[in-house]
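Examining the three-dimensional arrangement
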Amino acid sequence: MNESIKLAKELKEEILKEPLIVEYLRVKELVESNEEINSLKKQIALAKAHKDNDLHKSLLDRYNNHPLVVNYNVLKEEVNEYLLEISKIVNKK
């Protein structure tokens, strides 16, 4: 196996052990399996398809203010920053 690929796989394993990543993946699973959130997503899509802008905005606000969604979005941003830092380090020449 190419040494670079081996190192990349080891890096991935270490990243997946990082508490921030573990928490992000846990919350992501909670969001994806939450019936209320999934129902809101469907209702948002229907309101948009029916061009009901007031309902669409109201549902979107409920979705974006749902505690799990808020937590997920904060974690997602932190994960993106974390991975960006790793990318900068890996790509440093």
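Above this note sits the structure.
Residues numbered from 1 in each chain as written. Predicted model: local features only at pLDDT ≥ 70, side-chain atom pairs only at ≥ 80, totals over all residues. Heavy atoms only, no water.

Remarks on helix α2 (residues 19–33)
Selection criterion: Numbered from the N terminus, helices here are DSSP runs of H or I no shorter than four residues, and strands are runs of E no shorter than two. Helix span is expected to be 1.5 Å times the residue number reduced by one. Here's how the labels work: a residue is buried when its accessible area is under 20% of the maximum for its type, exposed when over 50%, partly exposed in between, all with a 1.4 Å probe on protein chains only. Here, the arc refers to the directions that run from the helix axis to the C-beta atoms. The contact criterion used is simple: two residues touch if any of their non-hydrogen atoms lie within 4.5 Å.
Under the 1.5 Å per step criterion, the end-to-end length of α2 is 21 Å for 15 residues, consistent within 8% with the ideal 21 Å. The set of residues buried in α2 consists of Leu20, Ile21, Tyr24, Val27 and Val31. With its buried residues spanning 130° around the axis, α2 presents them on a single face. On the buried face of α2, the contacting elements are α1 (3–17), α3 (35–49) and α5 (67–91).

What about unusual backbone geometry?
Despite not being glycine, Lys51 has its phi angle at roughly 55°, a positive value. Within the secondary structure, Lys51 sits in the loop between α3 and α4 (53–64).

Quick word on the pattern of salt bridges
Stated precisely, the cut-off is as follows: A carboxyl oxygen of Asp or Glu within 4 Å of a side-chain nitrogen of Lys or Arg is what we treat as a salt bridge.
According to the stated counting rule, one finds 5 salt bridges in the structure shown. Of the charged contacts, one joins Glu23 and Arg26 as a salt bridge, the two residues approaching to 2.8 Å between their closest N and O atoms. Linking Glu23 with Arg26, this pair stays in helix α2, spanning 3 residues, or about one helical turn. The residue Glu32 makes a salt bridge to Lys28 at a minimum N-O spacing of 3.9 Å. Separated by 4 residues within a single helix, Glu32 and Lys28 lie in helix α2, roughly one turn from each other. Among the residues examined, Lys28 registers a relative accessible area of 28% and is labelled partly exposed.

A few points about the side chain of Asn34
For the record, the criterion: Contacts described as polar in this section are N or O atom pairs within 3.5 Å, which, within protein, must combine one atom able to donate a hydrogen with one able to accept it, while residues neighboring in sequence count only if both atoms come from side chains.
Looking at where Asn34 falls in the secondary structure, it is placed in the loop between α2 and α3. A polar contact is formed between the side chain of Asn34 and the backbone nitrogen of Glu36, at a distance of 3.0 Å. Residues within four places of Asn34 in sequence aside, it is in contact with His66 and Leu68.

Points about the packing of α2 against α3
Selection rule: Orientation is described by lines fitted to C-alpha atoms, with helices fitted over the stretch in contact, and by angles between N-to-C directions that extend from 0 to 180 degrees. The cut-offs work like this: below 35 degrees is roughly parallel, past 145 is roughly antiparallel, 65 to 115 is roughly perpendicular, and the gaps in between are oblique. Charged means Asp, Glu, Lys or Arg here, nonpolar means Ala, Val, Leu, Ile, Met, Phe, Trp, Tyr, Cys or Pro, and polar covers whatever is left, Gly included.
At a minimum axis separation of 5 Å, α2 and α3 run at an interaxial angle of 60°. Judged by the inter-axis angle, α2 sits oblique to α3. Where α2 abuts α3, its residues Val31, Glu32 and Ser33 lie against Glu35, Ile37 and Asn38. Split by residue class, the contact of α2 with α3 holds 2 nonpolar, 2 polar and 2 charged.

Side note on the nonpolar core
Counted only if it meets this: Side-chain atoms within 4.5 Å are what join buried Ala, Val, Leu, Ile, Met, Phe, Trp, Tyr and Cys residues into a set we call a nonpolar core.
The biggest cluster of nonpolar side chains holds 18 residues, and the ones touching the most others in it are Val27, Val31, Ile37 and Tyr63. Contributing elements (two or more residues each) for this core: α2, α3, α4 and α5. In terms of residue count, α5 provides more of this core than any other element does, 6 residues in total. Those residues within four positions of Val27 in sequence are excluded, and the remaining contacts are Leu68, Asn71, Tyr72 and Leu75.

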